[in-house]
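Observations on the three-dimensional arrangement
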Amino acid sequence: MLDFAIFAVTFLLALVGAVLYLYPASRQAAGIPGITPTEEKDGNLPDIVNSGSLHEFLVNLHERYGPVVSFWFGGRLVVSLGTVDVLKQHINPNKTLDPFETMLKSLLRYQSGGGSVSESHLRKKLYENGVTNSLKSNFALLLKLSEELLDKWLSYPESQHVPLSQHMLGFAMKSVTQMVMGSTFEDDQEVVCFQKNHGTICIFTYFQVWSEIGKGFLDGSLDKNTTRKKQYEDALMQLESILRNIIKERKGRNLSQHVFIDSLVQGNLNDQQILEDSMIFSLASCIITAKLCTWAICFLTTSEEVQKKLYEEIDQVFGNGPITPEKIEQLRYCRHVLCETVRTAKLTPVSARLQDIEGKIDHFIIPRETLVLYALGVVLQDPNTWPSPHRFDPDRFDDELVMKTFSSLGFSGTQECPELRFAYMVTTVLLSVLLKRLHLLSVEGQVIETKYELVTSSREEAWITVSKRY
């Protein structure tokens, strides 16, 4: 129950913490359908905890009350949007919140990187260039890491169960650390250290949330758990120390390997902004890449026809030749597989926006300074938008209108976040390497239960087996 409660509200607490303002005097929800507060102090937090996760709470709420619903976080009104149509109506030109950046910056207590809309666009452009350049410069490295994993799996007997989640996390950590921060992480011990500190920071933030739920929002009770706090502070200090050294080392030097942090160094950012942005990108990219790889392979093991069709595309594009960046771009069906993976897994089930000005959705008025949740996990399973929504069917993205809808949700095209764009390429290369040589198989009788966090994962280890194609 503890883990349920922690994961259920981590995302919501972080978002609210990032946009706190004085509680409104009125308890009226502007006529928006929804539920009244269960408790005066906590609002509907007990309902979220009892549902198991914020996503599951929103599923139930939208089923009961429709596409536009409201609930209460303490004394604060929160509105959730649960269909494509109402999401398209929500135009907020003044300010948006990236869910990964907002949550991590709030929980890490980072402050820089805010500012005007134009500054946000410039930083986004800097991020995009950083992703493009790091992927281009490090394609051979990504291929090498993928082939190392392939060799490991080829060495296994066909009956051996492979701990997929564990291997994908390790692969993601190696890929992200080296492509974002450079050759420091060629040493496996440095990667292991990063992974340990990464885990410590994540665990601490989850327990931070539990403390806030149990003893009141931001009441200082967190500081009383000195052991856990010290572990967190030590882990964060170690990662920040490594980043500061890397920033210092790469400043003013023309290195042959261009990594993500180089784009930040070359941009008009101060050292603290570079540190914070590279920390946020590294933490978010590791978890998104690991989970996208995991879910893609999981779905391929249970969808024989999809795996066969993907293998045929890979074989047609590459044949006996090398895997190259130019040919990777030709893997149209592979991209559809990854889009369907994001949709079916509900990879990022919730996003958010801050309503800086009064807005209107259908005939409902959204008051100024309302936190508006995008219930993406609900939207991605809406049968009115996605026929047979629980079926894993990459062919649905052959329809340009479907892809346009998917892009409008921020999962593809110009609206996708840099971390997801990075993950798409890493996963594409990995699948190309693995499927050329291996059949990916499910473990008979395994039932994978889903855990809905900021990024959706399997509740327990996901196991697969592999067999050689030749």
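On a predicted model such as this, the values are computed, not experimentally measured, just so you know.

Moving on to the overall build of the protein. Across its full length, the protein holds 18 helices and eleven strands. Counting all 470 residues of the protein, 56% fall into the buried class. In the protein, the proportion of contacts linking residues at least 24 apart, taken out of those at least 6 apart, comes to 75%. Accessible area for the protein stands at about 20800 Å²; split by element, carbon and sulfur atoms hold 50% of it.

With that settled, consider the UniProt feature "binding site: heme" (unreviewed entry) in the protein. Look at the UniProt record and you will see "binding site: heme" (unreviewed entry) annotated at Cys417. Here Cys417 lies in the loop between helix 17 (400–408) and helix 18 (418–437).

With that settled, the discussion passes to the environment of Glu312. Assignment of secondary structure puts Glu312 in helix 13 (residues 304–318). When the C-alpha atoms of Glu312 and Lys436 are compared, they prove to be 9.2 Å apart, with 124 residues separating the residues in sequence.

In this section: the packing of aromatic side chains. Taken as a whole and judged by the stated rule, the model has eleven aromatic pairs. Relative to Phe422, the ring of Phe281 lies with its centre 5.9 Å away and its plane at 85°, an arrangement referred to as edge-to-face. Taken as a pair, Phe281 in helix 12 (residues 271–302) and Phe422 in helix 18 lie far apart in primary sequence, 141 residues in all. A relative accessible area of 0% places Phe281 in the buried class. In this structure Phe422 comes out as buried when scored by relative accessible area, which is 0%. Both rings, one in Trp386 and one in Phe406, keep their centres 6.4 Å apart while their planes meet at 90°; by these two values the pair is edge-to-face. Of this pair, Trp386 sits in the loop between helix 16 (376–379) and helix 17 while Phe406 sits in helix 17, and the two are 20 residues apart along the sequence. Each member of the pair, Trp386 as well as Phe406, is classed as buried.

Together, Glu304, Glu305, Glu312 and Asp315 give the surface a local cluster of negative charge. With respect to the helices and strands, Asp315 occurs in helix 13.

Moving on to the sheet that holds strand 11 (residues 463–468). The three strands lie next to each other as 3-11-8, forming an open sheet whose pairing is antiparallel. Strand pairing shows two members of the sheet lacking a second neighbour, strand 3 (162–163) and strand 8 (438–442), which therefore form its edges. Relative to strand 11, strand 8 runs antiparallel, the two sharing five bridges. Bridged to Leu441 within strand 11 is Thr465.

This part covers the nonpolar core. In this structure, Leu81, Trp153, Ile297, Leu310, Phe406, Phe411 and Tyr424 are the most contacted members of the largest nonpolar core, which totals 117 residues. Considering each element in turn, this core owes the most residues, 16 residues, to helix 12. Non-local contacts of Leu81, meaning those with residues more than four positions away in its chain, are made with His62, Pro67, Val68, Val86, Leu87, His90, Ile361, Val372, Leu373, Tyr374, Ala375 and Val379. The next biggest cluster of nonpolar side chains, apart from the first, holds 17 residues, and it includes Ile35, Leu61, Ala352 and Leu371.

Before going further, it helps to spend a moment on helix 13. For helix 13, built from 15 residues, the straight-helix expectation of 21 Å at 1.5 Å per residue is met to within 8% by its first-to-last C-alpha distance of 21 Å. Of all the residues in helix 13, the buried ones are Val306, Gln307, Leu310, Glu313, Ile314, Val317 and Phe318. Within helix 13, the buried residues cover an arc of 125° as seen down the axis, which keeps them to one side. In helix 13, those exposed residues whose orientation departs by more than 90 degrees from the buried face are Glu304, Glu305 and Gln316. Positive phi appears at Gly319, one or two residues downstream of helix 13, with a value of about 55°.

So, about unusual backbone geometry. For Asp362, which is not glycine, the phi dihedral falls at a positive 50°. Along the chain, Asp362 falls in the loop between strand 5 (359–361) and strand 6 (364–366). Using a relative accessible area of 38% as the deciding quantity, one classes Asp362 as partly exposed. Phi at Ser388 takes a positive value of approximately 45°, unusual for a residue other than glycine.

Moving on, we come to the sheet that holds strand 2 (residues 76–81). Here we have four strands laid out as an open sheet, ordered 1-2-7-4, and mixed in their pairing. Of all the strands in the sheet, just strand 1 (68–73) and strand 4 (351–355) have a single pairing partner and so form its edges. Within this sheet the neighbouring strands show an average axis-to-axis angle of 30°, counted without direction. As paired elements, strand 2 and strand 7 (residues 370–374) share four bridges and run parallel to each other. In the sheet register, Val78 faces strand 7, and the bridge partner there is Leu371. Sitting on the sheet, helix 3 (residues 54–65) touches strand 1, strand 2 and strand 7, and the angle it makes with strand 1 is about 130°.

Looking at the element boundaries, Asp188 is found in helix 9 (residues 188–215). Judged by its relative accessible area of 43%, Asp188 falls in the partly exposed class. C-alpha of Asp188 to C-alpha of Lys174: the two residues are 14 residues apart in sequence and 8.0 Å apart in space.

Looking at where Gly31 falls in the secondary structure, it is placed in the loop between helix 1 (2–18) and helix 2 (45–51). Spatially, the C-alpha atoms of Gly31 and Val69 are 9.8 Å apart, while their sequence positions differ by 38 residues.

Before going further, it helps to examine the side chain of Ser407. Tracing the backbone shows Ser407 in helix 17. Excluding residues that lie within four positions of it along the chain, Ser407 makes contacts with Ser412, Gly413 and Gln415.

Below, the discussion takes up the confidence of the model for the protein. Mean pLDDT over the protein: 83, with 81% of residues reaching 70 or higher. In this model, residues 92–96 is a region of pLDDT below 50 whose contacts with residues beyond four sequence positions or in other chains number twelve contacts. Counted against residues more than four places away or in other chains, residues 206–223, with its pLDDT under 50, gives 37 contacts.

This paragraph deals with the pattern of salt bridges. Summed over the entire model, instances satisfying the criterion amount to ten salt bridges. Notably, a salt bridge pairs Lys309 with Asp395, separated by 2.8 Å at the nearest N-O pair. A residue pair is termed long-range when its members are at least 10 positions apart, and Lys309 in helix 13 and Asp395 in the loop between helix 16 and helix 17 qualify at 86 residues. Residue classification places Lys309 among the partly exposed residues on the basis of a relative accessible area of 35%. Look at the salt bridges and you will find they share partners, linking Glu340, Arg343 and Arg396 into a network.

Conventions adopted
- Residues numbered from 1 in each chain as written.
- Predicted model: local features only at pLDDT ≥ 70, side-chain atom pairs only at ≥ 80, totals over all residues.
- Heavy atoms only, no water.
- Helix = DSSP H or I, 4+ residues; strand = E, 2+ residues; numbered from the N terminus.
- Buried < 20%, exposed > 50% of the residue type's maximum accessible area, 1.4 Å probe, protein only.
- Contact = heavy atoms within 4.5 Å.
- Areas by Shrake-Rupley, 256 points an atom, 1.4 Å probe, with all protein chains shown as cover.
- UniProt positions renumbered as here; feature names shortened; annotations may be inferred.
- Phe/Tyr/Trp six-rings, centres within 6.5 Å; stacked < 30°, edge-to-face > 60°.
- Patch = residues over 30% accessible without salt bridge, like charges linked within 9 Å, V, L, I, M, F, W, Y side chains within 5 Å.
- Salt bridge = Lys/Arg side-chain N within 4 Å of Asp/Glu carboxyl O.
- Lys, Arg positive; Asp, Glu negative; His and termini not counted.
- Charge placed at Lys NZ, Arg CZ, Asp CG, Glu CD.
- Pairing = 2+ DSSP bridges.
- Core = buried A, V, L, I, M, F, W, Y, C linked by side-chain atoms within 4.5 Å.
- Expected span 1.5 Å × (residues − 1).
- Arc of directions from axis to C-beta.
- Axes fitted to C-alpha atoms, helices over the stretch in contact; angles between N-to-C directions.
- pLDDT = per-residue confidence, 0-100.

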